[in-house]
Amino acid sequence: QRDFPCIYVYLYSIYISVKMTQARSEVKDLQREFQAEKEDLLDIIREQGKQIKILSLVVDSFIPEEERGSIEQHCAMDPASGEWSVAFPRITANYNSSFSF
């Protein structure tokens, strides 16, 4: 009868040890997953930064600065599609008057 509490305490300590090991393993798995997602997001940010730089170069090279303000004033983003549109397409250089919707 005296040995029973000691065995119980020993088994309980083993149980706690196993649970702690499982919890640590899960934390490490989550940290690896979080790190992978973080690296993916950073890659996306870097790629978008490159795209912004090239598009800015094209805009700076081909659209006169005095025209940019006029175009920007007439631009709007459609929240449903996430696409930009120009309210008055005649102000853009690629406007084709014979084109109809």
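Going by the structure above, here's the rest.
The rules we used
Residues numbered from 1 in each chain as written. Predicted model: local features only at pLDDT ≥ 70, side-chain atom pairs only at ≥ 80, totals over all residues. Heavy atoms only, no water. Helix = DSSP H or I, 4+ residues; strand = E, 2+ residues; numbered from the N terminus. Buried < 20%, exposed > 50% of the residue type's maximum accessible area, 1.4 Å probe, protein only. Areas by Shrake-Rupley, 256 points an atom, 1.4 Å probe, with all protein chains shown as cover. Phe/Tyr/Trp six-rings, centres within 6.5 Å; stacked < 30°, edge-to-face > 60°. Pairing = 2+ DSSP bridges. Patch = residues over 30% accessible without salt bridge, like charges linked within 9 Å, V, L, I, M, F, W, Y side chains within 5 Å. Salt bridge = Lys/Arg side-chain N within 4 Å of Asp/Glu carboxyl O. Lys, Arg positive; Asp, Glu negative; His and termini not counted. Charge placed at Lys NZ, Arg CZ, Asp CG, Glu CD.

**Student:** Hey, could you run me through the overall build of the protein in this one?
**Tutor:** Assigned secondary structure in the protein consists of two helices and two strands. Listed by position from the N terminus, the elements making up the protein come as α-α-β-β. The 101 residues of the protein split such that 3% are buried. When the accessible surface of the protein is split by element, carbon and sulfur atoms take 60% of a total near 9700 Å².

**Student:** What's the story with the packing of aromatic side chains in this structure? I'm lost.
**Tutor:** Any pair of aromatic rings gets described here by the distance separating the centres and the angle formed by the planes. Throughout the structure, instances matching the rule amount to two aromatic pairs. These aromatic residues form a ring-pair network of at least three members: Y8, Y12 and Y15.

**Student:** Sorry if this is basic, but what is going on with the pairing of strand β1 (residues 75–78) here?
**Tutor:** On any regular strand, side chains alternate: one points to one face of the sheet, the next to the other face. Pairing of β1 with strand β2 (residues 83–86) involves four bridges; the strand directions are antiparallel. Across the sheet, the residue bridging to C75 is V86, located in β2. Taken together, β1 and the strand that follows it, β2, pair antiparallel across an intervening segment of four residues, in which G82 is found at a positive phi of about 75 degrees.

**Student:** Any chance you could explain a nonpolar patch on the surface here in plain terms?
**Tutor:** A cluster of nonpolar side chains, contributed by Y8, V9, Y12, Y15, I16 and M20, occupies part of the molecular surface with about 630 Å² of accessible area. Structurally, I16 can be placed in helix α1 (residues 3–62).

**Student:** I'm lost on the pattern of salt bridges in this one. Help?
**Tutor:** When charged atoms on two side chains of opposite charge get close, those side chains can pair. One pass over the full model with this rule turns up three salt bridges. Two residues, D43 and R46, come together in a salt bridge whose shortest N-O distance is 3.0 Å. Here the residue D43 and the residue R46 both occupy positions in helix α1, the gap between them amounting to three residues, near one helical turn.

**Student:** What should I look at first to understand a negative patch on the surface in this one?
**Tutor:** A contiguous patch of negative charge on the surface is contributed by E33, E37, E39 and D40. With respect to the element layout, D40 can be found in helix α1.

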